[in-house]
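Listed below are the residues making up each chain.
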Amino acid sequence: MQPTKAGVARREQILREAAQLFAERGFHGVGVDEIGAAVGISGPGLYRHFAGKEAMLAELLVGISGRLLAEGKRRVAEAPDPEAALDALVGGHTDFALDDRPLITLHDRELDRLRESDRKLVRQLQRQYVELWVEVVGQVHPGATEIEVRAAVHAVFGLLNSTPHLGRPGALPDRGATSELLRRLALGAFAALDGPGSGSSALG
């Protein structure tokens, strides 16, 4: 039986509130009743949508890993050239980093709470996402070694995923200006691959 639009919307609402609460208080610091209260239903009512908190956490972390990969592939496929593809990847990840900051916190703090199969799936999706970036960055900066390209990709992820440190939700600086700043910083980091020493053995 296909879920109704209302049911899908309710699940998404529950996940948004759960992500925010888990990020603020920690997974074990939040009860089902609190999540239910945040969305206006009883705690037990949540079990019509999810088997429990663990299921919510798994859907959040597996879900965002899958969405990042799918969106990244779409952006690369639609780009007219590697430079446009890289700009599109940076833009997509920047949007995620600004709009889904609680998920970054959850990944850093709570990934080990997933059951092994879900944790492996997250890692698999993330590896594919990294490889997508590595391929595009390598095309844009062919003079860099693979080691340098991979180091740059992970460094840019660290830069973009630093957004939880920008302040509490609602206290974010001007979104447009912040997005453009992050974009310029990320592309500037990749541009350093073409600088002095590129292609040397400095990284391995």
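See the structure above.
Please read all numbers here as calculations on a predicted model, not as lab measurements.

We now examine the packing of aromatic side chains. Overall, the coordinates contain 5 aromatic pairs when judged by the stated rule. Between Tyr129 and Trp133, the aromatic rings sit 6.0 Å apart at their centres with planes inclined by 70°, giving edge-to-face as the arrangement. You can see Tyr129 and its partner Trp133 sitting in helix α6 (residues 116–140), 4 residues apart, about one turn around the helix. This pair shows no difference in class: Tyr129 is buried, exactly as Trp133 is. For the pair Tyr129 and Phe157, a centre-to-centre distance of 5.6 Å together with 5° between the ring planes defines the contact as stacked. Of the two residues, Tyr129 is situated in helix α6 and Phe157 in helix α7 (residues 146–160); the sequence distance between them amounts to 28 residues. Taken together, the ring pairs in this structure connect Tyr129, Trp133, Phe157 and Phe190 into an aromatic cluster. Of note, Lys53 hangs over the ring of Phe27, and the distance from its end group to the ring centre comes to 4.4 Å.

Here the focus is the packing of helix α3 (residues 53–78) against helix α4 (residues 82–99). Here α3 crosses α4 at 150°, and the two axes come no closer than 9 Å. When the axis of α3 is compared with that of α4, the two are roughly antiparallel. The hand of the α3/α4 crossing is right-handed. Contact with α3, carried on its side by Ile64, Leu68, Gly72, Arg75 and Val76, involves Ala85, Ala88, Leu89, Gly91, Gly92, His93, Asp95 and Phe96 of α4 and no other residues of that element. When its residues are assigned to classes, the contact of α3 with α4 shows 7 nonpolar, 4 polar and 2 charged.

Criteria and cut-off values
Residues numbered from 1 in each chain as written. Predicted model: local features only at pLDDT ≥ 70, side-chain atom pairs only at ≥ 80, totals over all residues. Heavy atoms only, no water. Phe/Tyr/Trp six-rings, centres within 6.5 Å; stacked < 30°, edge-to-face > 60°. Helix = DSSP H or I, 4+ residues; strand = E, 2+ residues; numbered from the N terminus. Buried < 20%, exposed > 50% of the residue type's maximum accessible area, 1.4 Å probe, protein only. Lys NZ or Arg CZ within 6 Å of the ring centre and 35° of its normal. Axes fitted to C-alpha atoms, helices over the stretch in contact; angles between N-to-C directions. Parallel < 35°, antiparallel > 145°, perpendicular 65-115°, else oblique. Left-handed = near helix turned anticlockwise from the far one by under 90°. Contact = heavy atoms within 4.5 Å. Nonpolar A, V, L, I, M, F, W, Y, C, P; charged D, E, K, R; others polar.

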